[in-house]
Structures are given as C-alpha cells and as structure tokens.
Amino acid sequence: MTTPSDKTLIRALFAGDKAAYEKLYDRYAPLVRAVCYDTTGNLTDAQDLTQDVFMRAYEKLEYLRNLESFGKWLIGIARLRCKEWQRHKLRHRDMKPDLTNIGSIIAGPSNDGRIERLREMITTLPERERLALHTFYLQGSSAEAARRTMGLSRSGFYRVLERARKRLEKLMSGEQENIR
Amino acid sequence: MKTPLDNDLNKVYESFNQNHDQLREMLMASLPARSEKRKGIRLINLVQLFIRGDTMKVRITKLAAAAVIIMGVFAGLYLLMGPIDVVSVGWADVLENMEAAQTVTFTFEYERRYEDGEYCWGKGTTRIKGPYRRAEATGGHRYQDGPPHEETTISIMDLSRQNRFVLLYPPQKWAYFAPDHGGNDTLLTYDGLKKDFRDGTEESLGRVKIDGRDAICFKVSKDDKEITVWADPDTALPIRIERLATEGIDKTVLCDIAFDVELDDELFDMTLPDDYIVTNMETEECRVPYELTQEHLIEGLAVNANALGGKFPTLYKGGRRGKEAFEKYIAETRKMSEPPVEDKFKPSLGVEFVKRLPEGSDYQYVGEDVKLGDANTPVCWWKPPGSKTYRVVYGDLSIRDVEPSALPKVPWLTEQK
C-alpha cells in the first residue's frame, strides 16, 4: 500500500477526517521533538513544545499554500516556537521549574551515557547539519523524504549529512581520546 | 550497510519516540473541530457559480440572489486584491531562503538624514557569493543647504579575511584598501538584515500586489528598526525589502532580489589595478604610480579654492591650530561645491606631495581666506631639499623663491612656533 502524501492527508483533514492529522503527527512529531531538543536540551520541554507546534499548525493549516511543504513549514513553526521558549526562559530564568509540565510526568530519563553524550554532541553541530541528521534518522533513513523536508537536492542533502556524520565521528573520537 | 555510528544515532533518535502514543492521544483530544473548507476556495466557488449563471437556473429567492451578489462583490475584491485570509509565509521562511542561498544579487536604494543635517543617498547593485560582497553604486551626500557631492564606486569585501576591503573610484583611478576590518554599511546591508531581524516581532500585512506579482507582506521590527518584506507566497523568496530605522530617517530598499544566480569569480577579485592610486585605510599610506611634483600641490590648492568660491580654505595639510580653526574648516568643506570628476582627488594628491616632503622642509600653510588670484599674499611655503630659500605659493598660484628673512610675518604662526 502506498503511503499517503502530506498533501493527501491534509486534504483528508480538510474534508473532516481528523485521523489524517494523527498520521501527520506520527510522521513528523519525532522530528519536531528533535528540532525542539536542539534548543531546550531536555526531552521534557521538547515534548511540550512539540505539542504546541502541532496545535499551532492545526490552527494555521488552512493558510499553508504549498501542502507538500508541510514538513518544512512545521519546522519553521517549531523554530519560531523555540525562539519564543528561549525568550520566555530568559525572562523567567529565576523562576522555579514548572511542576505541571506534562512531559515531565510521562518522559523517562535515558540510562545510556554514551547515547546521551552523542545526543548532546548533535546539539553542538551547525543547524543545517543537525537538521540533516534529524530528518534522515527520524524519517526511516529515507534520503528522499529527508531532502524534501529540508528543501535540498539529493546531492546537496548527502553532502550536508556526510559533513554532519564526519563532524560527529570526530567529536566522538576526541572524547574517546580524553577518556583514555 | 550500517556503521556503529548509524546504530548509535538510531538509538539517539529512538528517544524522540518516547511516549509518542500518549502524547498523540493528548494532542488529538485537545484539538478543536475544524471548519471544513478554506475561506478563499468558498468565495471562488461562489463567484464561479454566479458567473456561470447556475444560480439563476435553479429556483432561488431574490434574497438569496442578493446574497450571492454581495458575496460576488467580496469575491471581486478577492480577485483584485488577493485572498483576505491570513498568510502562511513569514519572516522565518524568507530568512531560511536567504540563509540557504549560495549567491544573491539585488538592487538597492538608500537615503539617510542625520541630526547634523547631512543627507546621504545612493543606489546600485549588490552581488554576494560566499564570503564576498560587491556593490556598484552611485551615491552622494549633502550638508543642509550645501551643494551635493556624488560619486560612483565599486566596493568589494571578503568576510572570510576579516572584512578585507577595497573601494574603487574607476573614473578617478583611485582606490582605498583595508587589509582587514574594512567598514562599509552598504556592503553589509544584506547581512545586517539577516542578523538584526532574526528574532524580530512579525506583523502580517496580508496579501498584496507588487510589481504585478502576488506577494505576502509583513513587517518585522526590533528595537527602533523595522523592515517591511514582500515575499512570494509559494516560494517564500523575498521580492522587496524596505528597512526603516530611527523614525524613518534611514531608509534602504532592496529589490530585484535573485538567489543562486551564476556569478563569475572575477567580480570578486580584490587585486588592485596597477594604474590606480591606492590609499591604505589602516596606515594612510598612499601608493602613487607616478612621481608627485609641486604641480600636484598647485592643482590641489586650485581645486579647493575654486570649490570654496574663490578663496583658499583654512587648513591644507597645515594652517592655524585650534578648535575654532578646525571647526571653520569643517564648515567650509561642507560648503565646498563638487569639483569635476577628474579633479576630485587632486586636493588629496597635493596633500600627498606635502606629506612626502623631506624632514626639515618647514612646510607652512597660511592661505586661510586668501583670495584666489591675489598675487601678493602667500598661501604656503616650504624649503626645497638643499635650498637656502623658501618656495612660496601665492594666491594667484604663482611660485617664487624667497629668502627666509623675506617671508611674511604671520602672528599666529609666530605664536605657534
């Protein structure tokens, strides 16, 4: 069975099929979480922001001109939302943590230190390279889907992805050296 | 084949699926019901229905017909002015395209008014390729009701070499060069837009027509600066950007913006032509491709005196010291009329001649307010190398060699000595 395109799903949603939005959520929510994580540095806040991004996208969806660019558009909203979050955080840096945070109730910490470090290192990469990794590894290692989400040519996408991987390898090997 | 890094990355990204199902359920439960269709589409359908006359073929009441007509008027407005709905393309999308472009070209126009009454303007073309910025511009400035000064320049900057910068004046074959930290606002306009408004406050102005094109218009503001952006609704590429700052006294307009066009590397070649006079902006050293003579000094003095309406300026690489003299000189420069293009740099060459006089030449400038053509009043003098006499330039630009004892007595000069 062919996977429905973003355009098909959005049209279905416009026609009243709310479940179509679930499919879009399944397709893009992990990617949006990863993008938000780059800003928040913690999964809990990233999950909260992602919920908000999808809420906003739902409200604004009828104004999206090019339905095929839903993924790219969603990342744009996520970026904006992250900027707001950063500004809010700066303004309220002395405030105590919000204990009503939904994500903190359901998210569990990762126990794998190496994986945790790798995740931290990804946040140090240039934005474009981070996004290449996110889109590739969160969209079933599909270069086609990832390059479409990023709005790049296939070769352009591979170039960025390769640069990101090399940089990560270097960072990780540097860390190994330090451990020894 | 998957590498160990692939495996690790897959593990990293697994964490972003944590609690996915619960989060999805929570989101879906909180979503409101949607209206079915897009406003624009509904209006278009009504218009089509009305134009086709289908509404008249079926039994409708006069009221319904009137309603359709009213809707038709709205739809007409829609067709004329574009959809009345809120727009999706925003500054973030435009900025993303600006960041992703490998090359950029645009035309620009600017005007600035400063508090001291100086007014600047200019227009030209900017080309950007990687770290290089190149602008070909004609620009000018004017102080209050003073005469306008305009010039044509080519400037190139290399951001990868700490803003290495060259500024060429092709008609005069003159160049300024900064090995690093060159400053040029016009060249950095585009970079400034990206940097200064990155997290600005955005206000949508809806869909408009600009240069015959459909566009989405929005304002982005930050601090006392504001830009208005017209962007293509489908590509999020900017069509026109206007920047206003400090309550509208600084305005820059960018248009004809094109991304990823082919640009020849030669456009960004910063090699200085051999036949140009080159001034190093850092050291103020001047490379002149020929020997300077006293004729250059005479020409420089003549250009300045003519630009001041027939009298010599207060200072010319020397002269009366003090704040009052300096301020008088600044006021004079603002009133100076624009010399012909070929004479523009002649005063600088005259100054350069003076700078190159050997030590002990005892150059003095006493030309303040001396009338051009006055054969009896000296304007400046110096002692040529090995000479016992002084070479004196008079107000009629004649030159005579004079014994030291015959030099005129200038009270302020005696005091300064």
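Residues numbered from 1 in each chain as written. Chains lettered and ligands numbered in written order. Predicted model: local features only at pLDDT ≥ 70, side-chain atom pairs only at ≥ 80, totals over all residues. Heavy atoms only, no water.

## So, the overall build of chain B
Part 1 of the reasoning: Counting its secondary structure elements, chain B contains 11 helices and 17 strands.
Part 2 of the reasoning: Taking all 417 residues of chain B together, the buried fraction comes to 46%.
Part 3 of the reasoning: For chain B, the share of sequence-separated contacts (at least 6 apart) that also reach a separation of at least 24 residues comes to 51%.
Part 4 of the reasoning: Just so you have it, chain B exposes about 22,500 Å², and 52% of that area is on carbon and sulfur atoms. (Helix = DSSP H or I, 4+ residues; strand = E, 2+ residues; numbered from the N terminus. Buried < 20%, exposed > 50% of the residue type's maximum accessible area, 1.4 Å probe, protein only. Contact = heavy atoms within 4.5 Å. Areas by Shrake-Rupley, 256 points an atom, 1.4 Å probe, with all protein chains shown as cover.)

## Section: the confidence of the model for chain B
Residue and element names in this part refer to chain B.
Part 1 of the reasoning: Taken as a whole, chain B shows an average pLDDT of 82; of its residues, 85% reach a score of 70 or greater.
Part 2 of the reasoning: This stretch, residues 36–87, has a pLDDT under 50; its non-local contacts, to residues over four places away or in other chains, come to 41 contacts.
Part 3 of the reasoning: This complex was scored by the predictor with a pTM of 0.54 and an ipTM of 0.84. (pLDDT = per-residue confidence, 0-100.)

## Some words on the pairing of strand 15 (residues 378–382) of chain B
Residues and elements named next belong to chain B.
Part 1 of the reasoning: Burial analysis of strand 15 places 5 of its 5 residues in the buried class, the great majority of the element.
Part 2 of the reasoning: Strand direction decides the pairing type here: strand 14 (residues 364–365) and strand 15, joined by 2 bridges, are antiparallel. Bridging from a neighbouring strand, Gln 364 pairs with Trp 381 of strand 15.
Part 3 of the reasoning: Where strand 15 and strand 16 (residues 390–394) come together, 4 bridges link them in antiparallel fashion. Considered in strand 16, the bridge of Trp 381 is made with Val 392. (Pairing = 2+ DSSP bridges.)

## Observations regarding the interface of chain A and chain B
Interfaces are often described in size by the accessible area the parts lose on coming together.
Part 1 of the reasoning: Contacts between the two partners involve 49 residues from chain A and, on the opposite side, 40 residues from chain B.
Part 2 of the reasoning: At the junction of chain A and chain B, the tally comes to 2 salt bridges.
Part 3 of the reasoning: Note that Arg165(A) and Asp6(B) form a salt bridge whose closest N and O atoms lie 2.7 Å from each other.
Part 4 of the reasoning: Where chain A meets chain B, there are 14 residue pairs in polar contact (both at pLDDT 80 or more).
Part 5 of the reasoning: Residues of the side of chain A that touches chain B, tallied by class, amount to 28 nonpolar, 4 polar and 17 charged. (Salt bridge = Lys/Arg side-chain N within 4 Å of Asp/Glu carboxyl O. Polar contact = N/O pair within 3.5 Å; in protein donor to acceptor, adjacent residues only side chain to side chain. Nonpolar A, V, L, I, M, F, W, Y, C, P; charged D, E, K, R; others polar.)

## Description of the environment of Val32(A)
Residues and elements named next belong to chain A.
Part 1 of the reasoning: Among the structural elements, Val 32 can be located in helix 2 (residues 19–40).
Part 2 of the reasoning: Between the C-alpha atom of Val 32 and that of Leu 49, which follows or precedes it by 17 residues, the distance is 8.6 Å.
Part 3 of the reasoning: If sequence neighbours within four positions are ignored, Val 32 has contacts with Thr 50, Val 53, Phe 54, Leu 74 and Ala 78.

## Concerning unusual backbone geometry
All names here are of chain B.
Part 1 of the reasoning: Positive phi, normally seen in glycine, also occurs at Asn 163, with a value near 60°.
Part 2 of the reasoning: Residue position: Asn 163 is located in the loop between strand 4 (149–158) and strand 5 (164–169).
Part 3 of the reasoning: Classification of Asn 163 as partly exposed rests on a relative accessible area of 21%.
Part 4 of the reasoning: Its identity as a non-glycine residue notwithstanding, Asp 362 has a phi of 55°, on the positive side.
Part 5 of the reasoning: By secondary structure assignment, the location of Asp 362 is in the loop between helix 10 (346–355) and strand 14.
Part 6 of the reasoning: With relative accessibility at 27%, the residue Asp 362 sits in the partly exposed group.

## A closer look at the packing of aromatic side chains
Part 1 of the reasoning: Per the stated rule, a full pass over the model turns up 19 aromatic pairs over all chains.
Part 2 of the reasoning: Plain terms: the ring middles of Tyr37(A) and Phe16(B) are 5.6 Å apart, the flat faces sit at 70° to each other, and that makes the pair edge-to-face. Of this pair, Tyr37(A) sits in helix 2 while Phe16(B) is found in the loop between helix 1 (4–14) and helix 2 (20–30), placing the two residues in two different chains.
Part 3 of the reasoning: The class of Tyr37(A) is buried, set by a relative accessible area of 2%.
Part 4 of the reasoning: Looking at Phe16(B), the relative accessible area reads 2%, which means it is buried.
Part 5 of the reasoning: Within the aromatic cluster, the residues linked to one another by ring pairs are Tyr37(A), Phe136(A), Tyr137(A), Phe157(A), Tyr158(A), Tyr13(B) and Phe16(B). (Phe/Tyr/Trp six-rings, centres within 6.5 Å; stacked < 30°, edge-to-face > 60°.)

## Details of helix 7 (residues 189–196) of chain B
Part 1 of the reasoning: Taken across its 8 residues, helix 7 of chain B has 6 buried, putting it largely inside the fold.
Part 2 of the reasoning: Here helix 7 of chain B has its buried residues at Thr189(B), Tyr190(B), Asp191(B), Gly192(B), Leu193(B) and Lys194(B).

## A word on the packing of helix 2 of chain A against helix 3 (residues 43–60) of chain A
All names here are of chain A.
Part 1 of the reasoning: It is the contact of helix 2 with helix 3, at a shortest axis distance of 8 Å, that shows an interaxial angle of 130°. Taken together, helix 2 and helix 3 sit at an angle that is classed as oblique. The two elements helix 2 and helix 3 meet at a crossing, and its hand is right-handed. Contacts between helix 2 and helix 3 involve Tyr 21, Leu 24, Tyr 25, Tyr 28, Ala 29, Val 32, Arg 33, Cys 36, Tyr 37 and Thr 40 from the former and Leu 43, Asp 45, Ala 46, Gln 47, Leu 49, Thr 50, Gln 51, Val 53, Phe 54, Ala 57 and Tyr 58 from the latter.
Part 2 of the reasoning: Partitioned by chemical class, the residues of the contact of helix 2 with helix 3 number 15 nonpolar, 4 polar and 2 charged. (Axes fitted to C-alpha atoms, helices over the stretch in contact; angles between N-to-C directions. Parallel < 35°, antiparallel > 145°, perpendicular 65-115°, else oblique. Left-handed = near helix turned anticlockwise from the far one by under 90°.)

## Some details on the pattern of salt bridges
Residue and element names in this part refer to chain B.
Part 1 of the reasoning: Evaluation of the coordinates by the stated rule reveals 40 salt bridges over all chains.
Part 2 of the reasoning: Glu 99 is the partner of Arg 198 in a salt bridge, and the nearest nitrogen-oxygen pair spans 2.3 Å. Of the two residues, Arg 198 sits in the loop between helix 7 and strand 7 (201–210) while Glu 99 sits in helix 6 (residues 91–100), which places them 99 residues apart along the sequence.
Part 3 of the reasoning: A residue is classified by how much of its surface remains accessible, and Glu 99, at 38% relative accessible area, is partly exposed.
Part 4 of the reasoning: Lys 346 is paired through a salt bridge with Asp 343; the nearest N and O atoms lie 2.9 Å apart.

## Examining a negative patch on the surface
Part 1 of the reasoning: Taken together, Glu262(B), Asp264(B), Glu266(B) and Asp269(B) make up a surface patch of like negative charges.
Part 2 of the reasoning: Looking at the element boundaries, Asp264(B) is found in the loop between strand 11 (250–259) and strand 12 (277–280). (Patch = residues over 30% accessible without salt bridge, like charges linked within 9 Å, V, L, I, M, F, W, Y side chains within 5 Å. Lys, Arg positive; Asp, Glu negative; His and termini not counted. Charge placed at Lys NZ, Arg CZ, Asp CG, Glu CD.)

## Concerning the sheet that holds strand 17 (residues 399–402) of chain B
Residue and element names in this part refer to chain B.
Part 1 of the reasoning: As summarised here, the arrangement of the 4 strands in space is 14-15-16-17, forming an open sheet in which the pairing is antiparallel. Looking at strand neighbours, the two that pair on one side only are strand 14 and strand 17, the edges of this open sheet.
Part 2 of the reasoning: Each of strand 14, strand 15, strand 16 and strand 17 is contacted by helix 8 (residues 294–307), which is oriented at about 155° to strand 15, the strand it contacts most.

## Details of the side chain of Glu129(A)
Part 1 of the reasoning: Tracing the chain through its elements places Glu129(A) in helix 7 (residues 127–138).
Part 2 of the reasoning: In this structure Glu129(A) touches Val160(A), Arg163(A), Ala164(A) and Arg167(A), once residues within four positions along its chain are discounted.

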